[in-house]
Amino acid sequence: MALLEILEYPDPRLRTVAAPVAKVDDAVRKLADDMLETMYAAPGIGLAATQVDVHQRLLVIDISEDRSDPLVLINPEIVTQSGTVKGDEGCLSVPEIYEAVERAECIRVKAINRAGESFELDAEGLLAVCIQHEMDHLEGKLFVDYLSEMKRQRLKKKLAKARKRDLGVTPQQAL
Ligand code: GNR
Ligand code: NI
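Described in the following lines is the structure provided in the data block.

What counts and how
- Residues numbered from 1 in each chain as written.
- Chains lettered and ligands numbered in written order.
- Predicted model: local features only at pLDDT ≥ 70, side-chain atom pairs only at ≥ 80, totals over all residues.
- Heavy atoms only, no water.
- Salt bridge = Lys/Arg side-chain N within 4 Å of Asp/Glu carboxyl O.
- Helix = DSSP H or I, 4+ residues; strand = E, 2+ residues; numbered from the N terminus.
- Buried < 20%, exposed > 50% of the residue type's maximum accessible area, 1.4 Å probe, protein only.
- Near = heavy atom within 4 Å.
- Polar contact = N/O pair within 3.5 Å; in protein donor to acceptor, adjacent residues only side chain to side chain.
- Areas by Shrake-Rupley, 256 points an atom, 1.4 Å probe, with all protein chains shown as cover.
- Nonpolar A, V, L, I, M, F, W, Y, C, P; charged D, E, K, R; others polar.
- Contact = heavy atoms within 4.5 Å.

## Section: the pattern of salt bridges
Turning to step 1, where the next piece is worked out: Following the criterion strictly, the structure yields 16 salt bridges and no others.
Turning to step 2, where the next piece is worked out: When the shortest N-O distance is used, the salt bridge between Arg103 and Glu89 registers 2.8 Å. Here Arg103 is found in strand E4 (residues 94-112), whereas its partner Glu89 is found in strand E3 (residues 71-91), with 14 residues between them in sequence.
Turning to step 3, where the next piece is worked out: On the accessibility criterion, Arg103 (5% relative accessible area) is buried.
Turning to step 4, where the next piece is worked out: Within this structure, Asp11, Arg13 and Asp53 form a network of salt bridges that share partners.

## Section: the site of ligand 1
Turning to step 1, where the next piece is worked out: Near ligand 1, the surroundings consist of Gly44, Ile45, Gly46, Gln51, Asp88, Glu89, Gly90, Cys91, Leu92, His133, Glu134 and His137.
Turning to step 2, where the next piece is worked out: At a separation of 2.8 Å, an oxygen atom of ligand 1 approaches a polar side-chain atom of Gln51.
Turning to step 3, where the next piece is worked out: One nitrogen or oxygen atom from the side chain of Glu134 is found 2.6 Å from an oxygen atom belonging to ligand 1.
Turning to step 4, where the next piece is worked out: Alone, ligand 1 offers 390 Å² of accessible surface; in the complex the protein occludes 89% of this.
Turning to step 5, where the next piece is worked out: Counting only elements with at least two residues in the shell around ligand 1, the list comes to E3 and helix H2 (125-138).
Turning to step 6, where the next piece is worked out: At four residues, the largest contribution of residues to the shell around ligand 1 is made by E3.
Turning to step 7, where the next piece is worked out: Its residues assigned to classes, the shell around ligand 1 comprises three nonpolar, six polar and three charged.

## Side note on the side chain of Glu89
Turning to step 1, where the next piece is worked out: With relative accessibility at 4%, the residue Glu89 sits in the buried group.
Turning to step 2, where the next piece is worked out: What Glu89 contacts, discounting residues up to four positions off in sequence, is Ile97, Tyr98, Glu99, Val101, Arg103, Val129, His133 and Phe143.

## Quick notes on unusual backbone geometry
Turning to step 1, where the next piece is worked out: The linkage connecting Tyr9 with the following residue, Pro10, adopts the cis geometry, with an omega of 5 degrees.
Turning to step 2, where the next piece is worked out: Relative to the helices and strands, Pro10 is located in the segment before helix H1 (26-41).
Turning to step 3, where the next piece is worked out: Residues Ala42 and Pro43 are joined by a peptide bond in cis, for which omega reads -5 degrees.
Turning to step 4, where the next piece is worked out: Its location among the elements puts Pro43 in the loop between H1 and strand E1 (46-48).
Turning to step 5, where the next piece is worked out: The phi angle at Asn75 is positive, at roughly 50 degrees, despite the residue not being glycine.
Turning to step 6, where the next piece is worked out: Structurally, Asn75 can be placed in strand E3.

Here's what the structure looks like:
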């Protein structure tokens with residue numbers, strides 16, 4: 001297993017639209033395992049292949065308290081959806097930012113599992129939100145895209161400052 005590097009906003013590679021996985025082979029299973037390890041280490045409750053610069057339609061999720069329920073969704077598609085909910089979201093590619101986003105409340109998703117078998121899953125609550133968040137990544141979309149232009153500009157500045165701070169440079173010096 002291996003830890004993968006997570007791309008951070010505004011990296012243009014996060015805007016790539018992922019291609020369907022043609023065949024679930026050992027390379028795809030290894031990618032899923034590495035993504036799970038990366039997600040657990042981050043820590044996060046979900047991770048899309050796009051975030052580790054692999055542009056294939058694969059995502060991993062584990063919303064369980066004790067991190068014992070890994071889910072691998074390959075070529076996921078929303079079959080039906082209903083209701084709306086608005087809740088705060090965060091993203092490993094947009095560190096330290098949390099904002100409210102509106103999502104479908106209940107979804108039915110069709111996907112392929114790590115054995116290459118097709119399955120359907122009914123989701124609501126945090127799981128439904130997380131699946132929609134991850135599927136957006138596969139379309140090159142980020143939760144900050146749902147915010148107003150003003151909020152997004154403010155957030156970009158905040159992220160740039162945080163990055164300079166993490167490099168040990170004060171914003172004043174960085175000018
Ligand atoms: O770890 C994560 N937490 C989270 C919280 C609320 C809504 C969505 C998420 S997904 C996020 C991990 C991530 O960035 N996945 O792409
Ligand atoms: Ni994310």
